[in-house]
Amino acid sequence: KPRYRGAAEGLAGGGTEPARDQAGKMAVLAPLIALVYSVPRLSRWLARPYCLLSALLSAAFLLVRKLPPICSGLPTQREDGNPCDFDWREVEILMFLSAIVMMKNRRSITVEQHVGNIFMFSKVANAILFFRLDIRMGLLVPDDLQAPPEELERDKRVTWIVEFFANWSNDCQSFAPIYADLSLKYSCPGLNFGKVDVGRYTDVSTRYKVSTSPLTKQLPTLILFQGGKEVMRRPQIDKKGRAVSWTFSEENVIREFNLNELYQRAKKLSKGGDSVSEEKPVAPAPAAVPDGENKKDK
């Protein structure tokens, strides 16, 4: 028994040191290996036009404030009068931005969500900094394309695909670059893409029955409008008012909304004029929505 007790104490004490060292090394190497493994996919994602434009907008104020040919004529509140350096209020805003990004990224899972949070809050901070510098500069910083309801009925020959989103939704942030790529590929005079921030325009969310509750599974919501009227939406809503599970991927959007056919028809519409517009638009046949008792909400 003493011999067994000594062996057990050896395993519980010094015998675990190599295992602890190995675990410590793996804890450091695992994130690095995962980062190296995701570099090709991340580089392709960052090379998209949406990401490149977002990166430029995120660094716009930094470039304007630090480039000597441009910053020389900018107003400043620094005591030394140097216009090419941040004043105390600008440093305060940037530090607050860093804190907000770190807090939001605690709930992010993928690298795309981390980068999306950085882009979103950096653009908001840039708008605030430019607006503080000069109100005219603040108005020049572009925001997400908004599609007011009256635009949907202005020309009933135009087909609209509208995303209803909220800035606080991680699912909306993940879908934003996919939706931007789709709009660049398929947008034409007869097929328009728009976005509506239902967190800002609550009357629009009520009109189109898109829930903005923190626990909702309806964000984002994609709605296809033809002739100014809703034709289909994803995710669908079952008879009990719950969202049916649906994955917001590029392939699913192209297939479910039949974007290839809509794009070809919209191009013919823009070329043919009124002769083509008299034909009824072809829309994807909406699938029957089950009660959803055995489905998970998305």
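Small disclaimer: the values here were computed from a predicted structure and weren't measured. Position numbers for residues count from 1 along each chain, tracking the sequence in the order it is written. For a predicted model such as this one, the threshold for reporting local features is a pLDDT of at least 70, and the threshold for listing and counting side-chain atom pairs is 80 or more; totals across whole chains, interfaces and linings nevertheless cover every residue. Neither water nor hydrogens contribute to the side-chain values; these are computed over all heavy atoms in the structure.

> So what exactly am I meant to see when it comes to the nonpolar core here?
One recurring pattern in soluble globular proteins: nonpolar side chains tend to sit buried together. In terms of nonpolar packing, the biggest core is built from 20 residues, with I161, L191, L222, V253, F257 and L259 touching the most fellow members. Only α10 (170-186), β2 (191-197), β3 (221-226), α12 (250-256) and α13 (259-272) provide two or more residues apiece to this core. By the criteria applied, helices consist of DSSP H or I runs no shorter than four residues and strands consist of E runs no shorter than two, each listed in order from the N terminus. Here this core gets five residues from one element, more than from any other, and that element is α10. Contacts between residues were defined by any pair of non-hydrogen atoms, one from each residue, lying within 4.5 Å. If near-sequence neighbours (up to four positions away) are discounted, V253 is found in contact with F175, L182, L222, W246, N258 and L259. We call a set of buried residues a nonpolar core when its members are Ala, Val, Leu, Ile, Met, Phe, Trp, Tyr or Cys and they connect through side-chain atoms within 4.5 Å of each other. With a 1.4 Å probe rolled over the protein chains alone, any residue whose accessible area is under 20% of its type maximum counts as buried; one over 50% counts as exposed, and the rest are partly exposed. Core analysis: the next-biggest nonpolar cluster, separate from the first, contains 15 residues, F164, C172, V204 and V210 among them.

> In this structure, what is going on with the packing of aromatic side chains? I would like to understand it.
The description of two aromatic rings rests on the distance between their centres and on the angle between their planes. The aromatic pairing rule takes the rings of Phe, Tyr and Trp, using the six-membered ring of Trp, and pairs them if the centres are within 6.5 Å, calling planes under 30 degrees apart stacked, those over 60 edge-to-face and the rest tilted. Within the structure shown, the criterion is met by eight aromatic pairs. Seen in terms of ring centroids, Y208 and F225 are 5.4 Å apart; in terms of plane orientation they differ by 80°. Their pairing is edge-to-face. Highlighted residues: Y208 in the loop between α11 (202-207) and β3 and F225 in strand β3, separated in sequence by 17 residues. Take Y208: its relative accessible area is 10%, and that puts it in the buried class. Take F225: its relative accessible area is 2%, and that puts it in the buried class.

> Looking at this structure, how should I read the environment of D85?
By the secondary structure assignment, D85 is in the loop between α5 (68-71) and α6 (88-105). Judged by relative accessible area, D85 falls into the partly exposed class, the value being 24%. Linking D85 and L62, residues 23 residues apart in sequence, is a C-alpha distance of 9.5 Å. Beyond its immediate stretch of four places on either side in the chain, D85 contacts R65, K66, R78 and E90. A polar atom in the side chain of D85 sits 2.9 Å from the side chain of K66. Any N or O atom pair separated by 3.5 Å or less is treated as a polar contact, with the protein-specific requirement of one donor-capable and one acceptor-capable atom, and with residues adjacent in sequence counted only for side-chain atom pairs.

> Would you mind showing me how to read the side chain of E250 here?
Within the element layout of this structure, E250 appears in helix α12. Judged by its relative accessible area of 17%, E250 is buried. Side-chain polar atoms of E250 contact the side chain of K185, separated by 2.7 Å. Excluding residues within four positions of it along the chain, E250 makes contact with I178, L182 and K185.

> Help me out: how do you make sense of the state of the cysteines in this one?
The bond known as a disulfide is covalent and runs between the sulfur atoms of two cysteines. Disulfides are defined as cysteine sulfur pairs within 2.5 Å. Under the counting rule described, the total for this entry stands at one disulfide. Residue pairing for C71: its cysteine sulfur links by disulfide to C84, the two sulfurs lying 1.8 Å apart. In this structure the cystine formed by C71 and C84 twists about its S-S bond by roughly 80°; its chirality is therefore right-handed. With a gap of 13 residues between them, C71 in helix α5 and C84 in the loop between α5 and α6 connect regions that are remote in the sequence.

> What am I meant to see in the sheet that holds strand β1 (residues 159-165) here?
Consider a sheet: its strands pair through backbone hydrogen bonds, and that pairing is either parallel or antiparallel. If DSSP finds at least two bridges between two strands, the strands pair. With mixed pairing, the four strands of this open sheet are ordered in space as β2-β1-β3-β4. The two strands at the open ends of the sheet, each matched to only one other strand, are β2 and β4 (229-234). Here the strands of the sheet are splayed against their neighbours by 25° on average, with no regard to which way each runs. Both β1 and β2 contribute to a ladder of seven bridges, which runs parallel. Paired with T159 across the two strands is L191, which belongs to β2. Interaxial angle, 0 to 180 degrees, is taken between N-to-C directions of lines fitted to C-alpha atoms, where a helix line uses only the stretch in contact.

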